[in-house]
Amino acid sequence: SEIVELRPLLLNALKQSQDPALVQLSQTFKAKLDVESHFIKDGNLFLGLKEPQPKGGSALILNVGNVESILSGTISSRITVYKTIHFEAISRQSDLLSDMVVRGDQLFITTTNENETGRLWKYSMVSGDLNLLETFETLNSEGLAWLPGANQFLVLFDQGEEDARFDFFPTQPGKDR
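Residues numbered from 1 in each chain as written. Predicted model: local features only at pLDDT ≥ 70, side-chain atom pairs only at ≥ 80, totals over all residues. Heavy atoms only, no water.

**Quick notes on the pairing of strand S6 (residues 106-112)**
The buried fraction of S6 is high, at 7 of 7 residues. Residues of S6 alternate between two faces, with Gln106, Phe108, Thr110 and Thr112 on one and Leu107, Ile109 and Thr111 on the opposite face, all of them buried. Strand direction decides the pairing type here: strand S5 (residues 96-103) and S6, joined by 7 bridges, are antiparallel. Each residue of the ladder has a partner; that of valine 102, found in S6, is leucine 107. (Buried < 20%, exposed > 50% of the residue type's maximum accessible area, 1.4 Å probe, protein only. Helix = DSSP H or I, 4+ residues; strand = E, 2+ residues; numbered from the N terminus. Pairing = 2+ DSSP bridges.)

**Regarding the pattern of salt bridges**
Any two side chains of opposite charge can pair, so long as their charged atoms come close to each other. According to the stated counting rule, one finds 1 salt bridge in the structure shown. Of the charged contacts, one joins aspartate 95 and arginine 119 as a salt bridge, the two residues approaching to 2.8 Å between their closest N and O atoms. Taken as a pair, aspartate 95 in the loop between helix H5 (88-91) and S5 and arginine 119 in strand S7 (residues 118-124) lie far apart in primary sequence, 24 residues in all. Its relative accessible area of 0% is what places aspartate 95 among the buried residues. Residue arginine 119 is classed as buried on the basis of its relative accessible area of 6%. (Salt bridge = Lys/Arg side-chain N within 4 Å of Asp/Glu carboxyl O.)

**What to know about the sheet that holds strand S9 (residues 141-147)**
The strands making up a sheet associate through hydrogen bonds between their backbones, and the pairing can be parallel or antiparallel. Across the sheet, 3 strands lie side by side as S9-S10-S11; this open sheet has antiparallel pairing. Each having just a single partner strand, S9 and strand S11 (165-170) make up the two edges of the open sheet. Across the sheet, the mean angle from the axis of one strand to that of its neighbour is 25°, orientation sign disregarded. Looking at chain direction, S9 and strand S10 (residues 152-157) are connected through 6 bridges and run antiparallel. (Axes fitted to C-alpha atoms, helices over the stretch in contact; angles between N-to-C directions.)

**Observations concerning a nonpolar patch on the surface**
Taken together, the side chains of Leu156, Phe166 and Phe168 present a nonpolar region at the surface, about 290 Å² in accessible area. Positionally, leucine 156 belongs in strand S10. What makes leucine 156 partly exposed here is its relative accessible area of 38%. (Patch = residues over 30% accessible without salt bridge, like charges linked within 9 Å, V, L, I, M, F, W, Y side chains within 5 Å. Areas by Shrake-Rupley, 256 points an atom, 1.4 Å probe, with all protein chains shown as cover.)

**Structural notes on the packing of aromatic side chains**
Two descriptors summarise a pair of aromatic rings, namely the distance from one centre to the other and the angle between the planes of the rings. For the coordinates displayed, the defined rule picks out 7 aromatic pairs. Relative to phenylalanine 168, the ring of phenylalanine 166 lies with its centre 5.6 Å away and its plane at 80°, an arrangement referred to as edge-to-face. Take phenylalanine 168: its relative accessible area is 35%, and that puts it in the partly exposed class. Of the aromatic side chains, those joined through ring pairs into one cluster are Phe39, Phe46 and Tyr82. (Phe/Tyr/Trp six-rings, centres within 6.5 Å; stacked < 30°, edge-to-face > 60°.)

**Considering the nonpolar core**
Ranked by internal contacts, the top residues of the largest apolar core, which has 18 residues, are Leu10, Leu14, Leu22, Leu62, Val64 and Ile79. Taken together, the elements giving at least two residues each to this core come down to helix H1 (6-16), helix H2 (20-25), strand S2 (44-51), strand S3 (58-66) and helix H4 (67-71). Leave out the neighbours within four places in its chain, and valine 64 touches Leu10, Leu45, Leu47, Ile70, Ile75 and Ile79. Within the second largest apolar cluster, 14 residues are counted, among which are Phe39, Ile109, Trp121 and Met125. (Core = buried A, V, L, I, M, F, W, Y, C linked by side-chain atoms within 4.5 Å. Contact = heavy atoms within 4.5 Å.)

Everything listed here is a matter of geometry and, on its own, says nothing about what the molecule does.
Here you go:
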């Protein structure tokens, strides 16, 4: 298998993009670009950005294009903002995207912030509705995995110098907690 250096391809595509939101942020990508998560849907690669943010407490999810093209070393300049998610509107804090998992038309997202508060969110890719499912006080939610056999999520927490932690979260909040 071949390794593709994504960052230079991505920076070049972002520089050439005509998407208005990306044009507005174009001067910050080289210094601040921080891809935190990804998913593949309908053959396209989607990247969740921790930075830059269009405004504090929000995150961009980019549609980078066809995975096969990317693996051959090509990213189209037609890269676009797929979704902008405004966590701050609900949390009233500057949450940073840390991971995401797709289940059907739902996007489950973890965030963290400078107050060391982690959160688990559910975002409808159809309606754009954002729902806060859980707040983890003093825990930095950094990773998310779907466990289909258990019908629940595994949330991983990065505690810096302390031991990492994890918790299970059922698909229906309030059950089995």
